[in-house]
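Here are the chains, one letter per residue:
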Amino acid sequence: MSIASPPRPRPTSREEQPYVATTKPRRTGMWLAIVVTVWVVGWALLKHQDTLATGFQDLNGLQRWLNGVRDAIQAATPTNWFFHGVIGNIVTFTNWVFEQIQYLISAPAPGRPVPQIGWLGVVAIFGWVAYAAAGLRSMVLVVASTLAFGILGYWQDSMDTLIVTVIAVLLCVVIGLPLGVGMSRRKWLSDLVTPVLDVMQTMPSFAYLTPFALVFGIGATCAILVTLVYALPPLVRIAEHGIRSVSPTTVEAADSLGVTRRQLLRRVQLPMARRTIVLGINQCTLAALSMATIAAFVNGPGLGQPVVQALQNLDVGAAAVPSLAIVVMAIMLDRTTTAASERAERQTRGRMSTRTRRIVLGVGAVVVAVCIYLSRLYLQLAQFPQKLDVGPTIADAINSATDSVVNNVDTFTSGFKNAVSYGFLNPLQTLMADTPWWLMAAVLLGFSYFLGGWRPTVVTAVCEGVILAMGLWHDAMITLTTTIVATVLVMILAVLLGVWMGRSRRVDTVIRPFLDALQTLPPFVYLVPALALFSTSRFTAIVAAVAYALPLATKLVADGIRGVAPTTVEAAEASGSTRWQMITKVQLPMARPAIVLATNQGLLYVLSMVVIGGMVGAGSLGYIVVSGFSQGQLFGKGLAAGIAITALGVMVDRIAKYTAARYGR
């Protein structure tokens, strides 16, 4: 006889579960694998067909038309009302202003063998301005840096670079501050201007040069204007951000007191945003210095000229000395403007005594006047003493040291260079450049769609059309190859260093100041050590690009690792995770948004630097742009290469940006 088990009690009511919307899996990895498979199979069957490769001296119809436009503009310049009346007067006036300042501090003035103000007076003026704007430490830094320009043997070139940078920054302030304030107060203006700023910041710096040289000719005016265009966007964006960041509570309190919009801006928003605006001027100044050196390609005066000449002659020592002057100038401007922003904040909070400062400034003004008088009276105080010039000695020492180091590490550097070139660079370049253009275009569209969606796909299609119209598809694919290889190297190093910094405060304290210093250097400077170690080749440009992009990418990764919630880390440790498991299973996955952002920024930095690397053997689009300035018959092709670089930069930026938005969450 069996005993029946008692029936289970039935729940009186079923707990209601919240509705969770399910999203269809994208299967991105599977689709990308299909695209790659089709690509490789297509390359194996159709390689070297329809690659659109052209000879270096070959021109298509568009490039010949651009040459014709150049000739027509040059022919019309003496008589055309726009080029002669408008552009000509702008160029004449700007050149006149530049020459007058040159006569004042850097070049012999008419009727004098030296400038109106000699080096002693210039040093005194710069020191006084630094004290007035940023304080005593900045004054010491500025005086020492200014003397260093003369000691390195590049006094006039340094002064010319400062003149171009200062004029461009002043124009940026005059244009950018009202524009940034207007954008912060009118949404329609912000919506209208922001896309323009996006294009200006995405466009590689080289792409500015050719069209400006076509319209304004080469020289100081062209250098100032391209510097202005390159340096303006960060100031406008940061000024807009500063005004918008003023506390709404403060604005409401001011409104309740009955202030007008003008009073609100002048007495509340601008004073409270002063520190942010000065920070924007800091970024604008560093961008201007970076572009002022690159403007040597359009005969812009300053330190860029000796660097370019030395790089063209493969003279590392001669390139290193003016590069060192550029580094000193970058540090001087960065630290001074940063200190000025901190002083602005202290002034806003009323923590400074103005009486003592006014007395010091008054006494300093008297000292400056005496120094100016003496520099006009004595030749040795007007012309920087030649006996203090140690530039040639430093150049010889650097060349000797470079030869010694290169001879000792040549086996290692050659091995590393060959490993990357034969193991990664050459196969990828063969795959991308030797694939038929229509298949490669379809592959890029596929990557755009499956990584970012239909919006970057549309942008990619438009950019591909522009590159095809320029007749430089094959060269663009080679440039894209070097960009991808450099970006991969950047991210490998950035993840290694970033994880190390993110997990150790001590390591971060040691490494971060070096990264901050490297971020202030203009891109030209990175070419010199790369050229010394690897001579002229594509790999040299890649190494310089990696060095240029690595600081920012590393800091983003380190901040992402440190941003992982401590409770999550503690929970993983409590569960017995090893260090490797902690990094690979917890911290790196949780820091994915920062890593994706670092990849995006690293890609754009690398693209801008790989183009500059055209002058040290990178070839492809960068070299064509450089050749367009030196060979008249290649002007149209150089301009077309600049446009193709811009299209390539916009395409890469949009794919990376939408990918970051989709997978960085």
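Criteria and thresholds
- Residues numbered from 1 in each chain as written.
- Predicted model: local features only at pLDDT ≥ 70, side-chain atom pairs only at ≥ 80, totals over all residues.
- Heavy atoms only, no water.
- UniProt positions renumbered as here; feature names shortened; annotations may be inferred.
- Helix = DSSP H or I, 4+ residues; strand = E, 2+ residues; numbered from the N terminus.
- Rg over C-alpha atoms; globule rule 2.2 N^0.38 Å.
- Buried < 20%, exposed > 50% of the residue type's maximum accessible area, 1.4 Å probe, protein only.
- Contact = heavy atoms within 4.5 Å.
- Lys, Arg positive; Asp, Glu negative; His and termini not counted.
- Charge placed at Lys NZ, Arg CZ, Asp CG, Glu CD.
- Core = buried A, V, L, I, M, F, W, Y, C linked by side-chain atoms within 4.5 Å.
- Patch = residues over 30% accessible without salt bridge, like charges linked within 9 Å, V, L, I, M, F, W, Y side chains within 5 Å.
- Areas by Shrake-Rupley, 256 points an atom, 1.4 Å probe, with all protein chains shown as cover.
- Salt bridge = Lys/Arg side-chain N within 4 Å of Asp/Glu carboxyl O.
- Phe/Tyr/Trp six-rings, centres within 6.5 Å; stacked < 30°, edge-to-face > 60°.
- Lys NZ or Arg CZ within 6 Å of the ring centre and 35° of its normal.

With an unreviewed UniProt entry as reference, the protein is termed ABC transporter permease subunit, source organism Nocardioides panacis. Recorded in UniProt under Sequence similarities (unreviewed entry), the annotation for the protein is "Belongs to the binding-protein-dependent transport system permease family."

### Overview of the overall build of the protein
Per the secondary structure count, the protein includes 27 helices and zero strands. The C-alpha radius of gyration computed for the protein amounts to 29 Å, which stays within 12% of the reference 26 Å derived for 665 residues, consistent with globular compactness. When its C-alpha atoms are laid out on the principal axes, the protein stretches across 130 × 70 × 60 Å. Considering the protein as a whole, with its 665 residues, one finds that 49% of them fall into the buried category. Here the analysis covers contacts within the protein between residues at least 6 apart in sequence; of these, 81% occur between residues at least 24 apart. Measuring between centres, the 49 positive side-chain charges of the protein sit 10 Å from its 30 negative side-chain charges.

### Let's talk about unusual backbone geometry
Note: most peptide bonds trans; most residues except glycine with negative phi. The backbone of D50 shows a phi angle near 55°, a positive value even though the residue is not glycine. Counting through the fold element by element, D50 comes out in the loop between α1 (28-46) and α2 (61-76). The backbone of N299 sits at a positive phi, close to 65°, despite the residue not being glycine.

### Describing the nonpolar core
Residues F149, L311, M477, F524, L527 and M615 are the most contacted members of the largest nonpolar core, which totals 165 residues. Here this core takes 14 residues from helix α22 (residues 538-562), the largest share from any one element. Setting aside residues no more than four positions away along its own chain, M477 makes contact with M432, A433, M440 and L444. Among the nonpolar cores identified, the runner-up in size contains 10 residues, and A254, L264, V268 and I277 belong to it.

### Some thoughts on a nonpolar patch on the surface
There is a patch of nonpolar side chains on the surface, built from F424, V488, I492, L493 and L496 and spanning about 410 Å² of accessible area. Here the nonpolar patch takes four residues from helix α19 (residues 473-503), the largest share from any one element. Within the secondary structure layout, F424 lies in helix α16 (residues 391-433). Assessed through its relative accessible area of 31%, F424 is described here as partly exposed.

### Looking at the packing of aromatic side chains
Inspection of every chain in the model, using the stated rule, returns 11 aromatic pairs. Here W155 and F384 contribute two aromatic rings whose centre-to-centre distance is 5.7 Å and whose plane-to-plane angle is 20°, an arrangement assigned as stacked. With W155 in helix α6 (residues 155-185) and F384 in the loop between α15 (354-377) and α16, this residue pair connects regions lying 229 residues apart in the sequence. Accessibility expressed as a relative area gives 10% for F384, which makes it buried. Its end group placed over the ring of W43, K47 keeps NZ or CZ at 4.8 Å from the ring centre.

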